[in-house]
Amino acid sequence: MSRRNKISNGIGYAILIVISIIWLFPFVCLVLQSFRSYILEPGGQVNYLLPKTFSLDSYKFLFDPESKFFRWYGNTLIIATFVSVLQTIFVLMVSYALSRMRFKGREFLMRFWLVLGMFPGFLSMICLYFLLKQFGLTQAGAIPGLILIGFASSGMGYYVCKGYFDTIPKSLDEAARIDGANRFQVFTIMLIPLSKPIIIYTALVAFMAPWCDYIFASYIAFGYSDSYNVAVAMYRWVMTNDYQGYFTRFCAGGLLIAVPITILFMCLQKYYVEGVTGGAVKG
Amino acid sequence: MDKGKQPSGMGKIAGFFKWFGADIADIGTTFAKGNWMTKVSFLIMGFGPLLRKQFLRGIAFLAAEIAFICYMVFFGAGYLKDITTLGTQGRGFNPDGTVSYGDNSFLILLYSILSIIIIIAFIFVWRLNVRQNRNAERLLAEGKKLATVKQDFVSLLDEHFDKTLLALPVLGVFLFIVLPIAFMICVAFTNYDATHQAPAQLFTWVGLQNFKDLFSFGTSGFGSTFVTILLWTIVWAFFATFLNYFLGMAVAILINKKGIKFKKLWRTILVMTIAVPQFVSLLYIGKMFAPDGLVNGYLMRWGLIDSAIPFWQDPTLAKILIIVLNCWVGIPYIMLICTGLLMNIPADLYESARIDGANAFQMFRKITLPYMLFVTGPFLLTQFTGNLNNFNIIYLLSGGGPTSMSLNGGAGYTDLLVTWLYKLTLNDTNYKMASVIGIMVFLVTAIISLVVYNILPSVKDEEGFQ
Amino acid sequence: MKKRVLALVMSTAMIASVLTACGGKDDSSNNNTPATDTNNTATDNSNASADNSSAPAENVDYGTGEITIWVAENVQTFTQDQVKAFQEANPQYAGYTVTVEPVGEGDAASNMITDVEGGADIYGFAQDQLARLVSSGAIMPVTGEYATWVAEQNDAGAAAAATVGGTTYAFPITSDNGYFLYYDKSVVKDPTSLDAIVADCEAAGKGIYMEINSGWYQPAFFFGAGCTLTYDLDDAGNFTACNIDYASENGVAALKAIINLHKSPMFVNGSAASNATNCAAIVDGTWDADTIKTMFGDNYACAKLPKFTVDGRDYQLGGFGGFKLLGIKPQTDSNKMQVCLAIAQFLSGEETQLARYKAVSWGPSNKAAQQSSDVQADVALSALAAQLAETIPQGQYPNEYWQLATSLGDDVISGNYDNASDEDLMAVLETFQATCKSYAGQ
């Protein structure tokens, strides 16, 4: 029995090690390439792994104020922070109303939002562009515009959070109300402290989304490089012919973005797991 | 959702008309029987509440009416009157070479829709105003007291707290989701494309022409392309969902296995893919499989192949590769979810199975899988519909390619309906066709969701959780 | 009271304009002296603007405003410096704040079409986008003296490229949008025959790069085999007719040559030198010259495109000669329009073109600049010149054409036609031809 166990554990480890290699390989490549000099060893994704000489050229380029990289980085950070905070507030508000209160039109609202979610988002892109333009929130004003777009309709994503609220016994609310608390107090004093994991989960997911937002951001900010976010700016480095030899700079930039987010993510991983698991069960 | 209570379609419609008729009758009675304050309130909203000292409500209604009138007079009406033509006055050049723009079809359509939504909302508010007047009269007749301003305020944080909470989110959804969607549905019935770009060139209504184009087969019709892409979209969503699901579950089971150490380490390694922004990781991985990329380079150097494998150039290979690479992206999510859920399965179930002599596979099939499927059913459905519209993977990895002479509208073999829609919107500025396809995407998603939802074993009453 | 204030404002404005005008005259005459053979251009400059605004430019107050310029990333700094110098030399335009943004020539047209009002005032684009811009109303016609200036100053191809249906719409800035062969001398021995190049590359295990799924590179084969593909346009930028004979024996020969090239294990589809790895020969343009110089080092060499052989017959690879243009979006303000025109003219003038050549090696379209000794001595540019003799000036093509050509190329690359008979290929080309014609409503 124990021999069989040993063998099966051995196979298990072997598989896990292979999986780990596959999963880590691209990141290792990314790190290695970011240390290749774009001056001495030009080219895109060269077909060898280890750079011939170790160099910090790409990083020097990014840290040079002329490259605007940190402006884009800052833009994204601002967008991500605001969207994260405001979206969390919106989601909590909607979730509380839908989970704890019964009002006319509640069923209709939930069903209506479900149907709306089935329309592909790009459909509304051009329309949103002109809508935002009317308020001066495109191009030069693209950052507040992107924040607005990021959180304004986020109430629709209440599922996970509402599912979590549903699991908190209603008897707690009732007890508090008997003690004289109104709903606002129940919500802010009792329910929110109980919902720490889901709040962190919502905020974390909302925080990570803007780092990837290429489509909308490039549309809203077009032709005004001061309002680009990192995704828009760096996507050009690999996808358009105007930027020759930016590949290693892309890798370096990608790394500078990935490292802080990964660290943040790892620290909050516990809550993230709780959120996705809860979300999956509640649908 | 509580499906049992839903009446049949016909019954629903009949019920609606009944309700509607009753509502109109109710408005009539309120006017006929109401006192003069109520009657004036029909015209000047909030008049009644103001005189009854319900200032908060009164001012709110009055403000709504004034705002509505101002909006319509100074803004909405100007656009709304052109809705049938979408503008007639085109652009012209002045003698000195400057341009003067006339109507703008885009803004006419957009603000007309906004105005229509606002008119509907106003009717609702007006109806509410009428009802409140009636209720107030009734309460006074019964000798009860009306809510004071202070009580009104307090109620917004208590029994009417839902209104406070939902006001902004609902407004946001209306402005940023409903309005654009309504707009784009309308665009599907116009000729808004590259040669009809407002404000330089006006566009106008064309009826069902674009739908006819979508379903026309032939060299320049979109019909066969649409069918090809639709099929691949469904195949892709199926594989992307279920392959990830089972592989992810397998990895989770493996990590959870007794005797495997460093559980946290393995999980953390996998979870890196979630943390690193996809546009970095996927763009990089996409390039790895280029003909002169890293993978081909090493395979050739090791002498395993003579010429580069056309990973992205061959339609079939590209499709397979995308599904495989999607596992790289998707497995960690599923693994996390399953890890949490697997721990919830009572251990004694396995124990008794083992005593009955079941092997590991049997236990998986009889205990683990049914449980997991039951619990994650709705999640699988959302995954599936999510994958139908999974833009990032396709766009960042293959960009939809390879294209072919047998596909029209710039579509490629790995394009999903959404990525095709994106190409039409951005590269071709062919908004009319993009809108038509967008509506089709909606229909496909809605139909599949409806069908799957009804066959799911775990459709539960929402209240059941509480 | 009101009147007095107004009068005060008016007089201040007048004084200011007179002052700036004096400064302007001074500066511009100073600026004109150094290069003797540019005097010509400079006088033309002032004449043109004078005629168009029906008053001497120096005495007009152009007011203030903002102007955005979109250019490719690698000339952003260059353009910024040039505009700055221009404004210093011509203070009557100094009231305008000019921002130069890096927007790729491909994106510029799409962005302009999406939102004309939000787009740049002056923008650079490759000339194949012109018809699209005209038909969607995103570009302003260039008239009067400016149009004459464009026609006189630039080579015939460039001037024609800036014209749709008899109206000039843009200011040409380069004539070098063509492609030719870069190769590694140590690998490729005979750059005149495609078969020999392929053989050399295969022997050395190095890649031969050409972007055969691009509507721009692909016609090298078809035009080389004697086929034609052009479109006729009306004044509004709409396509009226397509002149194409791809569905012919010559077309089949060209397609077979493309298929043969794709069959080589060392062939790689691509034209971006900076993304190429393990490359010994690449069909590319002058914009990549520097990258390729680094890549090949001492073995750097260029030549016109080779001959290809199908069924025992030799054909010389042809292709497109294209141009880069500067366009101005339709303006609502007359003063701003004048300023935009002046800036665009300056940015496309002889001096700027030469300076641009020196800064980023963009081959000039200005006739005088082309005669400069530096330009004449450039290896890449002379290879290009030799190749351009074999090409046709690129006209206007509908946007869908580029997609269609990509589809044809992708079909070749995915191996769909590897075993196709001549009849199959003819059928493919007949579809291609019919689809091309359908874009012109034929």
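Everything numeric here is computed off the predicted structure, so don't read it as measured data.

## What about the overall build of chain B?
Check the secondary structure of chain B and you find 18 helices and two strands. For 466 residues, the compact-globule estimate of 2.2 N^0.38 gives 23 Å, and chain B exceeds it by more than 25% at 30 Å. Projected onto its principal axes, the C-alpha positions of chain B cover 95 × 80 × 40 Å. Within chain B, the fraction of its 466 residues that count as buried is 50%. Residue pairs at least 24 apart in sequence account for 64% of intrachain contacts in chain B once pairs closer than 6 positions are excluded. Looking at chain B as shown, the accessible area adds up to about 21400 Å², and 71% of this sits on carbon and sulfur atoms. Once the 35 positive and 26 negative side-chain charges of chain B are each reduced to a mean point, those two points are 6 Å apart.

## Some points on the side chain of C:D378
Its place among the elements puts C:D378 in the loop between α15 (373-377) and α16 (379-388). No salt bridge forms around the buried C:D378; measuring N to O, its nearest opposite-charge neighbour C:K293 is 5.7 Å away.

## With respect to the environment of C:I212
All names here are of chain C. Here I212 shows up in the loop between β8 (207-210) and α9 (219-224). On a C-alpha basis, the gap between I212 and K185 in space is 23 Å, while along the polypeptide they are 27 residues apart. The contacts of I212, once residues within four sequence positions are left out, are Q218, F221, I258, L261, H262, F267, N269, G409, V412 and I413.

## Examining the interface of chain A and chain C
Contacts between the two partners involve 25 residues from chain A and, on the opposite side, 24 residues from chain C. The largest per-residue losses of area from chain A upon contact with chain C belong to A:F222, A:D242 and A:Q244, which jointly make up 30% of the total buried on that side. Counting across the chain A and chain C interface gives two salt bridges. For the salt bridge of A:K133 with C:E117, the shortest nitrogen-to-oxygen distance reads 4.0 Å. Between chain A and chain C we count six residue pairs in polar contact (both at pLDDT 80 or more) in total. Counting residues per element, the side of chain A that touches chain C draws most heavily on helix α5 (residues 125-134) of chain A, at four residues.

## A look at the environment of B:K39
Residue and element names in this part refer to chain B. Structurally, K39 can be placed in helix α2 (residues 36-43). In the structure, K39 is positioned 91 residues away from V130 in sequence and 9.0 Å away in space, judged by C-alpha atoms. If we ignore the near neighbours within four places in the chain, the residues touching K39 are F31, A32 and G34.

## A word on α16(C)
Residue and element names in this part refer to chain C. Buried within α16 we find A380, L381, A383, L384 and Q387. Down the axis of α16, the smallest arc covering the buried residues is 160°, so these residues share one side. Its side-chain oxygen placed 2.9 Å from the backbone nitrogen of A380, D378 serves as the N-cap of α16.

## So, the domain arrangement of chain B
Residue and element names in this part refer to chain B. Taken domain by domain, chain B holds domain 1 (34-207) and domain 2 (223-465). Inter-centroid distance (C-alpha atoms) of domain 1 to domain 2 is 43 Å. Across the boundary between the two partners, domain 1 contributes ten residues, which contact eight residues of domain 2. Between domain 1 and domain 2 lies a buried interface of about 690 Å² when both sides are counted; carbon and sulfur atoms form 64% of it. Area buried by domain 1 at its contact with domain 2 is led by A188, Y192 and D193, which between them contribute 48% of it. Here domain 1 and domain 2 share one salt bridge between them. A salt bridge links K432 to D193, with the shortest nitrogen-to-oxygen separation between them at 3.2 Å. Counting the contacts that link domain 1 with domain 2 gives five residue pairs in polar contact (both at pLDDT 80 or more). Considered class by class, the residues forming the side of domain 1 that touches domain 2 number six nonpolar, three polar and one charged.

Cut-offs and rules
Residues numbered from 1 in each chain as written. Chains lettered and ligands numbered in written order. Predicted model: local features only at pLDDT ≥ 70, side-chain atom pairs only at ≥ 80, totals over all residues. Heavy atoms only, no water. Helix = DSSP H or I, 4+ residues; strand = E, 2+ residues; numbered from the N terminus. Rg over C-alpha atoms; globule rule 2.2 N^0.38 Å. Buried < 20%, exposed > 50% of the residue type's maximum accessible area, 1.4 Å probe, protein only. Contact = heavy atoms within 4.5 Å. Areas by Shrake-Rupley, 256 points an atom, 1.4 Å probe, with all protein chains shown as cover. Lys, Arg positive; Asp, Glu negative; His and termini not counted. Charge placed at Lys NZ, Arg CZ, Asp CG, Glu CD. Salt bridge = Lys/Arg side-chain N within 4 Å of Asp/Glu carboxyl O. Buried area = accessible area lost by both parts, 1.4 Å probe. Polar contact = N/O pair within 3.5 Å; in protein donor to acceptor, adjacent residues only side chain to side chain. Arc of directions from axis to C-beta. Domains from an automatic or database assignment. Nonpolar A, V, L, I, M, F, W, Y, C, P; charged D, E, K, R; others polar.

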